[in-house]
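A look at the structure
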Amino acid sequence: MEKNLTTGSVLGRVISFSLPYLLAYFLQTLYGMADLFIIGQFEGVASTTAVSVGSQVMHMITVMIVGLAMGSTVTIGQAVGAGDLPRAGRNIGNTVTLFLSLSVVLTAALVALVRPIVGLMSTPEAAVAGTVQYLTICFLGIPFITAYNIISSIFRGLGDSKSPMYFIAVACVANIALDYLFMGALSMGPAGAALGTTLSQTISVVISMAVILRRKSGISLRKADLRPARPVMGQILSIGVPVALQDGFIQISFIVITIIANRRGLNDAAAVGIVEKIISFLFLVPSAMLSTVSALGAQNIGAGREDRARLTLRYAITIAVCFGLCAAAVIQFWAEPLVGLFTDPSTGDGAQVIRLGGQYFRGYVWDCVFAGIHFSFSGYFCARGKSILSFLHNVISILLVRVPGAYLTSTLFPTTLLPMGLATAAGSLLSVLVCAVAFFRLTRKDTPAL
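Everything numeric in this text was worked out from a predicted model, so none of it was measured. (Residues numbered from 1 in each chain as written. Predicted model: local features only at pLDDT ≥ 70, side-chain atom pairs only at ≥ 80, totals over all residues. Heavy atoms only, no water.)

Some words on the overall build of the protein chain
A count of helical and extended segments in the protein chain gives 16 helices and zero strands. Across the protein chain, contacts joining residues at least 24 apart in sequence account for 83% of those joining residues at least 6 apart. Surface accessibility of the protein chain: about 17,700 Å² in total, with carbon and sulfur atoms responsible for 71%. (Helix = DSSP H or I, 4+ residues; strand = E, 2+ residues; numbered from the N terminus. Contact = heavy atoms within 4.5 Å. Areas by Shrake-Rupley, 256 points an atom, 1.4 Å probe, with all protein chains shown as cover.)

Pasting the structure below:
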């Protein structure tokens, strides 16, 4: 199962590892967008807003779980790169124990707090009931969402990015079919969207477990590996917690932006929610670069090949920037048609949502360029076990630019969402500057004095 990523062409490794991850994340984003697209065909703006608000909360929870799992990906990757398979087995066993316990506690807490969470989001009154239904069902499915993402992180730490792609492909097909059943045929609204998402994740986990049990691997997992070990847990958490907090703060900043938009009215809320869904598709490449740099970098650093880790970072930044510039150029011409896919343009509210969404999208899309750069840096920092740097640069950008910028632009420009979108991109630009300084200071310490 494990794959050595410390030899061969660095660019070839970056491409071969990132493409399956990119496709997997594309499929995961596609079935998230499918909820919004399909409910827009059968329900009104209130239901669309309920799904967009609820899915944003779930996205925040999911990315924090994925961020915490980065500790597993990196520690497993370092062990595999060093050829220490027993250590890799201990890391896998402790990962299972840690996240199983976490998912149970998280489920109970979130189900109990669902109504306060909906209230905290400043959800428009017309969308409150649908949002509560959506989140309650999704919260009950958190153990399966956690299981899928942990299984994926383990595979990527072993150098295998293809298996998670196959697992999510099954979930994507199942989710789209279940969405049409629950929201179309059965007219279940937001509850149907949540039920389709939860059941599709469950199907994916069952299939992935079947594959794991049948596949032979060079790594043996013993009962003792499941027993919590302080050094192993400490290493996983020391890397994963800063990343989870970083991702959590990023999502909180977007939720704050959503709250700001919600307070402007239902149409503004729907416009921001739709664009957030579409932009998550464009963020596929930056996210793929983060995962690629962290996994490849961890194995190479574990093998003592720091030069290959830095070259991986360089290629990742180049790919991300080229993609971001192309996406930004296209969106300047196609913003409204893309937003129009998720609402009815023949109605007055729908036309207003499209107009506002186009404004927000044209500013926000530049974030793809800057995020691609700082995501790649974050992957490198994680691979080196310095994930606290990723946490710091994101907190700085959120507190100094992203949130205050969104609030000020919303207040100063009440008739357009374009400045709010630009404020988000400006936050990522600050992250890039902080990352560049941190990288050069970090690598300068590694350079021997002449």
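What follows continues from the structure just given.
What about the packing of helix H11 (residues 284-302) against helix H14 (residues 367-383)?
Relative to each other, H11 and H14 sit at 20°, their axes nearing to 7 Å. Taken together, the axes of H11 and H14 lie roughly parallel to each other. Considering how the two elements wind past one another, H11 and H14 form a crossing that is right-handed. Two secondary-structure elements touch here, H11 through Pro286, Ser287, Met289, Leu290, Val293, Ser294, Gly297, Ala298 and Ile301 and H14 through Cys368, Ala371, Gly372, Phe375, Ser376, Ser378, Gly379, Tyr380 and Ala383. (Axes fitted to C-alpha atoms, helices over the stretch in contact; angles between N-to-C directions. Parallel < 35°, antiparallel > 145°, perpendicular 65-115°, else oblique. Left-handed = near helix turned anticlockwise from the far one by under 90°.)

Considerations on the packing of aromatic side chains
Within this structure, the stated rule accounts for seven aromatic pairs. Judged by centre distance (5.9 Å) and plane angle (75°), the ring pair of Phe283 and Phe375 falls under edge-to-face. Taken together, the residues span a long stretch of sequence, with Phe283 in the loop between helix H10 (266-282) and H11 and Phe375 in helix H14 at a distance of 92 residues. On the basis of relative accessibility, which here comes to 12%, the residue Phe283 falls in the buried class. Joined through ring pairs, the aromatic side chains of Phe377, Tyr380, Phe381, Phe439 and Phe440 make up one cluster. (Phe/Tyr/Trp six-rings, centres within 6.5 Å; stacked < 30°, edge-to-face > 60°. Buried < 20%, exposed > 50% of the residue type's maximum accessible area, 1.4 Å probe, protein only.)

Description of the confidence of the model for the protein chain
With 90% of its residues at a pLDDT of at least 70, the protein chain reaches an overall mean of 80. Of all the helices and strands in the protein chain, helix H1 (residues 10-42) carries the lowest mean pLDDT, 73, while helix H12 (residues 306-340) carries the highest, 90. (pLDDT = per-residue confidence, 0-100.)

Re the environment of Gly196
Mapping Gly196 onto the fold places it in helix H8 (residues 190-214). The class for Gly196 is buried, based on a relative accessible area of 0%. Ignoring any residue separated from it by four or fewer positions in sequence, one finds Gly196 in contact with Asn175, Leu178, Asp179 and Phe182.

A look at the pattern of salt bridges
Two side chains of opposite charge can pair, provided their charged atoms sit close to one another. By the definition in use, this model includes five salt bridges. Two residues, Arg310 and Glu306, come together in a salt bridge whose shortest N-O distance is 3.1 Å. Pair noted here: Arg310 and Glu306 are both in helix H12, with a separation of four residues, about one helical turn. Assessed through its relative accessible area of 27%, Arg310 is described here as partly exposed. Arg362 is the partner of Glu336 in a salt bridge, and the nearest nitrogen-oxygen pair spans 2.7 Å. Of this pair, Glu336 sits in helix H12 while Arg362 is found in helix H13 (residues 348-364), placing the two residues 26 residues apart along the sequence. Glu336 gets classed as partly exposed once you look at its relative accessible area, which sits at 26%. Exposure remark for Arg362: the relative accessible area of 23% places this residue in the partly exposed category. Bridged by salt links that share partners, the residues Glu306, Arg310 and Arg384 form one connected network. (Salt bridge = Lys/Arg side-chain N within 4 Å of Asp/Glu carboxyl O.)

Overview of the side chain of Ser428
Mapped onto the fold, Ser428 is located in helix H16 (residues 418-446). The buried category is assigned to Ser428, whose relative accessible area is 1%. One polar contact links Ser428 to His374, side chain to side chain, over a distance of 3.4 Å. Those residues in contact with Ser428, other than ones at most four positions away along the chain, are Asp367, Phe370, Ala371, His374 and Arg402. (Polar contact = N/O pair within 3.5 Å; in protein donor to acceptor, adjacent residues only side chain to side chain.)

Points about H12
A rise of 1.5 Å per residue sets the reference length of H12, with its 35 residues, at 51 Å; its end C-alpha atoms lie 47 Å apart and thus fit the reference within 8%. By the largest-angle criterion, Trp334 marks the main kink of H12, which is about 75°, and a proline, Pro337, follows within four residues. (Expected span 1.5 Å × (residues − 1). Bend = angle between axes of the 7 residues up to and from the residue.)

Points about a nonpolar patch on the surface
Residues Leu237, Val241, Leu245, Phe249 and Ile252 make up a contiguous nonpolar surface patch of about 350 Å² in total accessible area. According to the relative accessible area criterion, Ile252 is partly exposed, its value standing at 40%. (Patch = residues over 30% accessible without salt bridge, like charges linked within 9 Å, V, L, I, M, F, W, Y side chains within 5 Å.)

What to know about the environment of Leu422
Residue placement: Leu422 occurs in helix H16. Given a relative accessible area of 41%, Leu422 falls into the partly exposed group. For the pair Leu422 and Gly363, spaced 59 residues apart in sequence, the C-alpha to C-alpha distance is 4.4 Å.

A short note on the environment of Ala69
Assignment of secondary structure puts Ala69 in helix H2 (residues 45-81). According to the relative accessible area criterion, Ala69 is buried, its value standing at 1%. Separated by 172 residues in sequence, Ala69 and Val241 place their C-alpha atoms 8.8 Å apart. Contact partners of Ala69, with chain neighbours within four places excluded, come to Phe99, Ile150 and Ser153.

Section: the side chain of Ser410
Along the chain, Ser410 falls in helix H15 (residues 387-412). Under the relative-accessibility criterion, Ser410 is labelled buried at 11%. Every residue in contact with Ser410, bar those within four places of it in the chain, is listed here: Ile260, Arg264 and Met420.

Describing the packing of H14 against H15
Helix-helix packing: each pair is described by the crossing angle between the helix axes and the interaxial distance. Where H14 meets H15, the axes come as close as 7 Å, and the angle between the chain directions of the two elements is 150°. If you check the angle between H14 and H15, you find them roughly antiparallel. Here H14 contributes Asp367, His374, Ser378, Phe381 and Cys382 to the contact with H15, which in turn contributes Ser387, Leu389, Ser390, His393, Asn394 and Arg402. Taken together, the residues of the contact of H14 with H15 sort by class into three nonpolar, six polar and two charged. (Nonpolar A, V, L, I, M, F, W, Y, C, P; charged D, E, K, R; others polar.)

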